Amino acid sequence: MEIKIKTLTPIWTGGVDRKCDRIHETGIIGSLRWWYEAIVRGLGGYACDPTSKNESKNEKERCPDKNNNHCAVCEVFGCTGWGRKFRIVIKNDEYLQKVDSNVRNRKMHHFVPIKGLCTLNNTKDSSPDKPVIIELVSLRMEEMEYRILNKVFKLIEKYGGLGANLSQGNGIIKIIESELDTYTTSLSSSNKTIPEWIKERAKLGTTTYFPVFDRFFFGEFQLVFNQKIDDLLEKNLFFDEGIVNKKPVRLNKDWKDFWDKFRFLPIAPHIRFAIRSSISNRNQRHEVFGYVDRNKNYTFGSKVFVSHGYKVGNQDNSVNFRIYGYSLSDNEIDAIGDFLRQGLEGALFQDGKQGGRIKQLKANSSFLIDNGKTTVTQLSQIVVKGEELLNGL
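Residues numbered from 1 in each chain as written. Predicted model: local features only at pLDDT ≥ 70, side-chain atom pairs only at ≥ 80, totals over all residues. Heavy atoms only, no water.

**Q** Before we go on, may I ask you to explain unusual backbone geometry in this structure?
**A** If a residue is not glycine, its phi is most likely negative; likewise, a peptide bond is most likely trans. Despite not being glycine, R263 shows a phi value in the positive range, around 60°. Within the secondary structure, R263 sits in the loop between helix 7 (252-262) and strand 10 (264-265). Its identity is not glycine, yet N371 carries a phi of approximately 55°, on the positive side. Mapping N371 onto the fold places it in the loop between strand 17 (366-370) and strand 18 (373-374). (Helix = DSSP H or I, 4+ residues; strand = E, 2+ residues; numbered from the N terminus.)

**Q** So what exactly am I meant to see when it comes to the packing of aromatic side chains here?
**A** We describe a pair of aromatic rings using the distance from one ring centre to the other and the angle between the two ring planes. Following the criterion strictly, the structure yields 25 aromatic pairs and no others. Seen from their ring centres, W35 and F213 are 6.5 Å apart, and the 65° between their planes marks the pair as edge-to-face. Of this pair, W35 sits in helix 1 (residues 25-42) while F213 sits in the loop between helix 5 (194-201) and strand 7 (216-225); the two residues are 178 residues apart in sequence, bridging distant segments of the chain. A relative accessible area of 3% places W35 in the buried class. Centroid distance F77 to F86: 5.4 Å. Interplanar angle 85°. Geometry classified as edge-to-face. Note on F77: relative accessible area 7%, which makes it buried. Judged by its relative accessible area of 0%, F86 falls in the buried class. An aromatic cluster is present here, built from W34, W35, Y159, F213, F216, F218, F305, Y324 and Y326 joined pairwise through their rings. (Phe/Tyr/Trp six-rings, centres within 6.5 Å; stacked < 30°, edge-to-face > 60°. Buried < 20%, exposed > 50% of the residue type's maximum accessible area, 1.4 Å probe, protein only.)

**Q** Is there a simple way to explain the sheet that holds strand 2 (residues 86-91) in this structure?
**A** In any sheet, the strands associate via hydrogen bonds between backbone groups, in a parallel or an antiparallel arrangement. Read from one edge to the other, the open sheet built from 4 strands follows the order 2-5-1-6, with strand pairing classed as antiparallel. Two strands in the sheet have a free side with no partner beyond their single neighbour: strand 2 and strand 6 (173-178). Taken pair by pair, the neighbouring strands of this sheet meet at an average axis angle of 25°, ignoring direction. With 5 bridges joining them, strand 1 (residues 2-7) and strand 6 adopt antiparallel strand pairing. Pairing of T7 across the sheet is with I173, part of strand 6. Sheet strands in contact with helix 1 are strand 2 and strand 5 (132-138), and its direction is about 125° off that of strand 2. Packing against the sheet, helix 3 (residues 143-158) makes contact with strand 1, strand 5 and strand 6, and its axis sits at approximately 140° to strand 6. (Pairing = 2+ DSSP bridges. Axes fitted to C-alpha atoms, helices over the stretch in contact; angles between N-to-C directions. Contact = heavy atoms within 4.5 Å.)

**Q** What's the story with the pairing of strand 7 in this structure? I'm lost.
**A** Along any regular strand the residues' side chains alternate between the sheet's two faces. Among the 10 residues in strand 7, 9 count as buried, and that is most of the element. Note that strand 7 and strand 15 (residues 318-326) share 9 bridges and pair antiparallel. Looking at the pairing, G219 lines up with I323 of strand 15. Bridge count between strand 7 and strand 19 (residues 384-385): 2 bridges; the pairing is antiparallel. In the strand pairing of strand 19, F217 is matched with K385.

**Q** Teacher, can you tell me more about the environment of L237 here?
**A** Take L237: it is sitting in the loop between helix 6 (229-234) and strand 8 (241-244). Considered as a pair, L237 and R22 are 215 residues apart in the sequence and their alpha carbons are 33 Å apart. Those residues in contact with L237 that lie beyond four places of it in its chain are Q227, L232, F349 and Q350.

**Q** When you look at the side chain of E145 in this model, what are you seeing that I'm missing?
**A** Take E145: it is sitting in helix 3. You can call E145 buried: its relative accessible area is 1%. Side-chain polar atoms of E145 contact the side chain of K85, separated by 3.0 Å. With near-sequence residues (within four places) excluded, E145 lies in contact with Y36, E75, V76, K85, R140 and W197. (Polar contact = N/O pair within 3.5 Å; in protein donor to acceptor, adjacent residues only side chain to side chain.)

Remember that the coordinates give geometry; whether it matters functionally is a separate question.
See the structure below:
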């Protein structure tokens, strides 16, 4: 079964050498598993931590357990002594273009890499008839497992991201055609729902640290400028600084190439800069937005994921971007919305000024900024909650 996709922002699936010279099957499988785990946990099932060394007998223990049993996720994705029920083959990734640049925000002394592979979206060389193909080869999958994996792909396309570095802008895709979706649609109606089926097969348990889908929120934002994006780029108005030879330099040419060839703007670091201070407590902020201790070589992953800006439709003055995450309170989500209204424009543009260049900012079609004026809309009331999506399974 083939799933044909195009990228809207770079996709990153680094191999063992941490290079993304192609789309690595292991990176795609790891990403699918991450979302699959979150769904199983959100439905009350237990999903182990496959990275654990089994040094303790707690919820982070990986499969198999001491009785040689495995969780509902390892049933499909495999574990020691139990092979994965499918394999994937990547085709046509040779038509993707390599992206290699960086960007910093105003307080960064280091840079955020802008790296990955992209579909050409706006040139004569663009090949819509040659999308990337993820071929799913079943080894012994059951019908309900097909259904769940199809839901994972659809949730990734509409709400999340595929691959790694999702918190730094990567992974937004569009599914052009899916034989998996066609197949699952053709299946006769099951006498059980996905939640019922998972609970029958999953060891129940609580998960306090790992992503749980019913604790997720998802927001897709439309950012509309008062000028065409081509004009903003031509006038060098964006804060497009990166680091070259340890010195800040303007990388406007890279930004123009990203927009001209791939129709995305590398603004995820700017958005994160605008919203990171929404949590004033330092320790709590690090827990939500992640933390890197370069002296101790320690990384704490972000619970909030931000995409780059990507073009949707034919408007020449707007991009969409996503903010989604898990285990945030409604107050924390509302604070993100407030800081977007107050600080996004200043973070995006070279002069750091707020006002005059953003016409509208919508979140899931509701206005946060309209005609340059902020609204009082609470973001927590308009984002999509994972619990709502699980109810539809």
